[in-house]
Amino acid sequence: SGPLQHVLAGLPQRDLIGTVIAGDTLPVRKPHPEPLLLAFERLGAKRGLYVGDSETDVETARRAGVPFALYKHGIRTTPLDQIPHDLAFDHFDEVLRFYEGLA
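What counts, and at which threshold
- Residues numbered from 1 in each chain as written.
- Predicted model: local features only at pLDDT ≥ 70, side-chain atom pairs only at ≥ 80, totals over all residues.
- Heavy atoms only, no water.
- Helix = DSSP H or I, 4+ residues; strand = E, 2+ residues; numbered from the N terminus.
- Contact = heavy atoms within 4.5 Å.
- Core = buried A, V, L, I, M, F, W, Y, C linked by side-chain atoms within 4.5 Å.
- Buried < 20%, exposed > 50% of the residue type's maximum accessible area, 1.4 Å probe, protein only.
- Pairing = 2+ DSSP bridges.
- Axes fitted to C-alpha atoms, helices over the stretch in contact; angles between N-to-C directions.
- Salt bridge = Lys/Arg side-chain N within 4 Å of Asp/Glu carboxyl O.
- Phe/Tyr/Trp six-rings, centres within 6.5 Å; stacked < 30°, edge-to-face > 60°.
- Lys NZ or Arg CZ within 6 Å of the ring centre and 35° of its normal.

Engineer: Please give an account of the side chain of Thr60 that cites residues and values.
Structural biologist: By secondary structure assignment, the location of Thr60 is in helix α3 (residues 55-64). Apart from the residues within four sequence positions on either side, Thr60 is in contact with Lys30, Pro31, His32, Pro33, Leu36 and Tyr50.

Structure (structure tokens):
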């Protein structure tokens, strides 16, 4: 995660990132749920929502037992209507409204 930290340090949005789980943080990677669950734990989250754009992301959310928000303009090979999701969105402000309704 060292190189990633250097990239993130240069971003103006860096203060919005509460934790980073990189490919070398744990011995497993997505779609294993452990990296996602560790992120929730580090953030002190009692509940969570996985936001992603791929088939691997939806599988990660399913294995972690959390809702999945699918970004419509991401990179994937499967058509949108064939990827299970709780929300499909174009703009990230839609995600916040959806998340607030999960209570």
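Engineer: Lay out the nonpolar core with the relevant residues and their values.
Structural biologist: Ranked by size, the top nonpolar core spans 10 residues in total: Leu36, Phe40, Tyr50, Val58, Ala61, Ala64, Val66, Phe68, Leu70 and Ile83. The set of elements that each furnish at least two residues to this core consists of α2 (34-43), α3 and β2 (68-71).

Engineer: Give a detailed account of the sheet that holds strand β3 (residues 87-89), specifying residues and quantitative values.
Structural biologist: Strand order in the open sheet formed by 3 strands is β1-β2-β3, with parallel pairing between adjacent strands. The open sheet has two free edges, formed respectively by β1 (50-52) and β3, since each of these has just one partner strand. Across this sheet, the average inter-strand angle for adjacent strands is 20 degrees, counted without regard to direction. Pairing analysis gives 3 bridges linking β2 to β3, with the strands arranged parallel. By the bridge assignment for β3, Leu70 is matched with Ala88.

Engineer: Quick one: what's the story with the pattern of salt bridges, residue by residue and with numbers?
Structural biologist: Here the structure, examined in full by the defined rule, presents 5 salt bridges. Here Asp57 and Lys30 are joined by a salt bridge, their closest N and O atoms 2.6 Å apart. Of this pair, Asp57 sits in helix α3 while Lys30 sits in the loop between α1 (2-9) and α2, and the two are 27 residues apart along the sequence. When its relative accessible area of 4% is taken as the criterion, Asp57 is described as buried. With a relative accessible area of 43%, Lys30 lands in the partly exposed category. Between Asp90 and Lys72 there is a salt bridge whose closest N-O contact spans 3.4 Å. Taken together, the residues Asp90 in the loop between β3 and α4 (92-100) and Lys72 in the loop between β2 and β3 connect sequence positions 18 residues apart. The network of salt bridges with common partners includes Glu59, Arg62 and Arg63.

Engineer: Help me get a handle on the packing of aromatic side chains, residues and values and all.
Structural biologist: Per the stated rule, a full pass over the model turns up 4 aromatic pairs. Taking the centre distance of 5.4 Å and the plane angle of 50 degrees together, the rings of Tyr71 and Phe89 count as tilted. A residue pair is termed long-range when its members are at least 10 positions apart, and Tyr71 in strand β2 and Phe89 in strand β3 qualify at 18 residues. Measuring from ring centre to ring centre gives 5.0 Å for Phe89 and Phe92, while their planes differ by 70 degrees; the resulting arrangement is edge-to-face. Classification of Phe89 as buried rests on a relative accessible area of 0%. For Phe92, a relative accessible area of 53% translates into the label exposed. Positioned above the aromatic ring of Tyr99, the side-chain terminus of Arg47 is 4.2 Å from the ring centre.

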